[in-house]
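# Per-entry structural report
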Amino acid sequence: MGQVLETDYLVVGAGATGMAFADTLLDHSDAHVTIVDRRDAAGGHWRDAYPFVRLHQASSFYGVASTSLDGGIQTSGPEAGLHVRATGAEVCGYYDRVLADRFLASGRAMFLGGHEMADDGSVVALDTGETREIRVRRRVVDAHYLAPSIPALTPPPFAVDEGARWVPVGELPTVADEAGSFVVVGSGKTATDAVVWLLRRGTSPDAITWVRPRDPWMLDRAAVQPDAAVIRTMVAELMEAAAAAPTVDDFFLRLEDAGVMLRLDPDVVPTMARVPTLARWELELLRSVERVVRRGHLRRVSPGTLRLDEGDVPVPRDAVVVHCAAEGLRLRPAVPIWSPGRIVVQPVRAGFPCFGAALIGYVEATQGERPDDELNALCPSTPYFSTPREWVAGQAAGALATAAFMADPDLARWSHGTTLNPSRVTPQDRDRPEVQTAQARLRAATESGMRGLLRLAG
């Protein structure tokens with residue numbers, strides 16, 4: 001056993017949510033924070049992400065509250081007029097700076113990279129096995145409860161026979177020049193990124209087979225921009241659709257007609273709703289791939305054959321199978337965020353985990369002496385989602401949670417002051433006619449829309 005360390009908060013996980021929580025806690029209290037992570041640097045899964053990854057949302061929605069990641073508005077390229085989306089390398093560099101310049105420079109933070117927390121509450125160095133006891137004066141903060149599962153760290157969920165070739169998506173660039181054809185496995189954002197990357201580098205759509213067990217719904221990126229008028233218009237569309245739709249599928253189709261939702265195939269009603277954002281130029285590229293396999297999940301890869309739940313599919317014998325089929329955001333039960341001596345970081349407002357984590361940190365810093373049940377009522381957790389009905393339930397839960405914390409004047413003031421909050425309204429926004437119009441439309445639709453969301457969610 002090594003030296004005994006003392007700290008007010010032990011944060012387990014230096015990914016996006018752990019960093020966002022610690023940032024507001026440090027900014028708004030005099031607490032000491034110790035952060036433990038298995039990786040040697042902050043940033044979580046970004047440290048293992050595929051090389052062509054970038055944020056799917058605007059950069060300003062991501063990161064920590066004290067230090068904006070926003071890169072402004074794009075002036076050229078297919079997304080001119082939309083806000084910048086940072087690359088994976090830029091996100092990692094950002095977290096390096098936040099850790100060094102904000103956390104460690106404060107003198108009230110310690111980072112134990114290359115460590116993990118043991119069952120007895122001590123921390124263990126992964127390289128040497130040295131164990132340290134940590135005495136936590138306030139709370140242990142679990143920022144790893146919903147840590148994503150990614151292809152770089154997760155074996156493929158299918159067997160691979162001798163002679164068949166496969167790579168995790170992160171190694172796709174190393175084989176792209178020599179391979180004649182590709183099999184992309186997965187229905188989520190990682191798979192769409194892989195297909196877009198292949199097509200933009202000149203790969204023929206006919207050289208790509210896309211195993212898509214489920215078709216996904218995705219938000220049009222132009223409808224989810226850090227602008228008060230844009231966001232309020234999008235939410236008004238959502239509430240109006242929920243009030244009028246008789247079924248969940250009809251609700252999503254109404255949002256598609258309104259320019260909010262996108263789907264890959266106009267002839268297939270999606271059954272998956274993780275709902276990342278996608279640009280229309282990406283949608284056009286993705287629709288050029290016609291070799292789409294919908295025969296359930298891939299179970300085994302043999303040279304020249306894909307074996308799926310609902311039958312075999314022939315492919316070229318030298319095809320490279322690209323593993324994009326990790327779980328991603330974990331679907332775990334929502335649990336109370338606050339409990340005695342413990343915080344479990346989870347989304348509060350659906351779809352924006354950094355804002356939720358920063359909000360939890362701010363509440364703990366400014367109101368942490370209140371009973372846990374009061375804190376949980378103020379910021380109830382919102383579970384992640386996978387199916388369309390679950391997404392609807394997540395929107396309903398997030399809207400109710402937003403109403404709860406925005407009813408607190410101090411939390412409302414702080415929320416409107418951080419770019420992490422997609423619904424923030426600045427003093428300058430209040431005088432914009434387009435914001436006033438969107439706000440009036442949203443106000444008129446909210447009551448009937450909430451009833452519709454709850455009805456559709458069951």
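Figured I'd write up the structure that's included with this text. (Residues numbered from 1 in each chain as written. Predicted model: local features only at pLDDT ≥ 70, side-chain atom pairs only at ≥ 80, totals over all residues. Heavy atoms only, no water.)

## Details of the overall build of the protein
- Each helix and strand counted, the protein has 12 helices and 23 strands in total.
- Since a compact globule built from 458 residues should have a radius of gyration of about 23 Å, the 23 Å found for the protein is in line with a globular shape.
- Projected onto its principal axes, the C-alpha coordinates of the protein cover approximately 60 × 60 × 45 Å.
- By residue count, 54% of the 458 residues in the protein fall in the buried class.
- The contacts of the protein with a sequence gap of at least 6 include a subset with a gap of at least 24, amounting to 74%.
- Accessible area of the protein: about 19,000 Å², with a carbon and sulfur share of 50%.
- Across the protein, the mean location of the 47 positive side-chain charges is 3 Å away from that of the 58 negative side-chain charges. (Helix = DSSP H or I, 4+ residues; strand = E, 2+ residues; numbered from the N terminus. Rg over C-alpha atoms; globule rule 2.2 N^0.38 Å. Buried < 20%, exposed > 50% of the residue type's maximum accessible area, 1.4 Å probe, protein only. Contact = heavy atoms within 4.5 Å. Areas by Shrake-Rupley, 256 points an atom, 1.4 Å probe, with all protein chains shown as cover. Lys, Arg positive; Asp, Glu negative; His and termini not counted. Charge placed at Lys NZ, Arg CZ, Asp CG, Glu CD.)

## Some details on the packing of helix α5 (residues 228-244) against helix α12 (residues 433-457)
- With their axes 6 Å apart at the nearest point, α5 and α12 run at an angle of 35 degrees to one another. By crossing handedness, the relation of α5 to α12 is classed as left-handed.
- Partitioning the contact of α5 with α12 into residue classes produces 15 nonpolar, 6 polar and 6 charged. (Axes fitted to C-alpha atoms, helices over the stretch in contact; angles between N-to-C directions. Left-handed = near helix turned anticlockwise from the far one by under 90°. Nonpolar A, V, L, I, M, F, W, Y, C, P; charged D, E, K, R; others polar.)

## Topic: the environment of L112
- Position of L112 relative to the elements: it lies in strand β5 (residues 109-113).
- Among the residues examined, L112 registers a relative accessible area of 6% and is labelled buried.
- For L112 and I35, which are 77 residues apart along the polypeptide, the C-alpha to C-alpha distance reads 6.1 Å.
- Residues contacting L112, with those up to four places away along its chain left out, are L5, T34, I35, V36, D37, V123, R132 and I134.

## Let's talk about the pattern of salt bridges
- Within this structure, the stated rule accounts for 36 salt bridges.
- R137 serves as the salt-bridge partner of D8, at 2.8 Å between the closest nitrogen and oxygen. Of the two residues, D8 sits in strand β1 (residues 5-12) while R137 sits in strand β9 (residues 134-142), which places them 129 residues apart along the sequence.
- R451 serves as the salt-bridge partner of E447, at 3.3 Å between the closest nitrogen and oxygen. Taken together, the residues span about one helical turn, with E447 and R451 both in helix α12 at a distance of 4 residues. Accessibility classification places E447 together with R451 in one group, the exposed group. (Salt bridge = Lys/Arg side-chain N within 4 Å of Asp/Glu carboxyl O.)

## Let's talk about the nonpolar core
- Ranked by size, the top nonpolar core spans 117 residues in total, and within it M19, V184, F251 and W391 carry the most contacts.
- By size, the runner-up hydrophobic cluster in this structure holds 14 residues, among which are F158, A164, V183 and L306. (Core = buried A, V, L, I, M, F, W, Y, C linked by side-chain atoms within 4.5 Å.)

## Observations regarding unusual backbone geometry
- Unusually for a residue other than glycine, V275 sits at a positive phi of about 60 degrees.
- Position of V275 among the secondary structure elements: in the loop between β15 (261-263) and β16 (277-278).
- Since its relative accessible area comes to 8%, V275 is described here as buried.

## Brief notes about the side chain of S386
- With respect to the helices and strands, S386 occurs in the loop between α9 (372-378) and α10 (388-406).
- Judged by its relative accessible area of 7%, S386 falls in the buried class.
- One polar contact links S386 to R214, side chain to side chain, over a distance of 3.0 Å.
- Every residue in contact with S386, bar those within four places of it in the chain, is listed here: R214, T271, M272, A273, R274 and L331. (Polar contact = N/O pair within 3.5 Å; in protein donor to acceptor, adjacent residues only side chain to side chain.)

## Focus on the packing of α10 against α12
- Two elements in contact, α10 and α12, have axes separated by 8 Å at closest approach and are oriented at 140 degrees. Compared by their axis directions, α10 and α12 come out oblique. The handedness of the crossing between α10 and α12 is left-handed. Only M450, L453, L454, L456 and A457 of α12 make contact with α10, whose side of the interface consists of R389, V392, A393, Q395, A396, A399 and L400.
- Here the residues of the contact of α10 with α12 are counted per class, giving 10 nonpolar, 1 polar and 1 charged. (Parallel < 35°, antiparallel > 145°, perpendicular 65-115°, else oblique.)

## Considering the pairing of β9
- Relative to β9, β1 is paired through 7 bridges, and the arrangement is parallel. Residue pairing across strands places E6 opposite R135, the latter belonging to β9.
- Relative to strand β23 (residues 342-344), β9 is paired through 3 bridges, and the arrangement is parallel. Each residue of the ladder has a partner; that of D142, found in β23, is V344. (Pairing = 2+ DSSP bridges.)

## Notes on the sheet that holds β15
- Spatially, β15-β14-β16 is the arrangement adopted by the 3 strands of the open sheet, whose pairing is mixed. Looking at the sheet topology across the chains shown, the edges are occupied by β15 and β16.
- Pairing of strand β14 (residues 217-220) with β16 involves 2 bridges; the strand directions are parallel. For D220, the partnering residue across the bridge sits in β16 and is L278.
- Of the strands in this sheet, β14 and β15 are in contact with helix α6 (residues 248-257), which crosses β15 at around 100 degrees.

## Some points on the sheet that holds strand β6 (residues 115-117)
- Read from one edge to the other, the open sheet built from 3 strands follows the order β6-β7-β8, with strand pairing classed as antiparallel. Each of the sheet's edge strands pairs with one partner strand only, and the pair in question is β6 and β8 (131-132).
- As paired strands, strand β7 (residues 123-125) and β8 are joined by 2 bridges and run antiparallel to one another. Counted as the bridge partner of V123 is R132 from β8.

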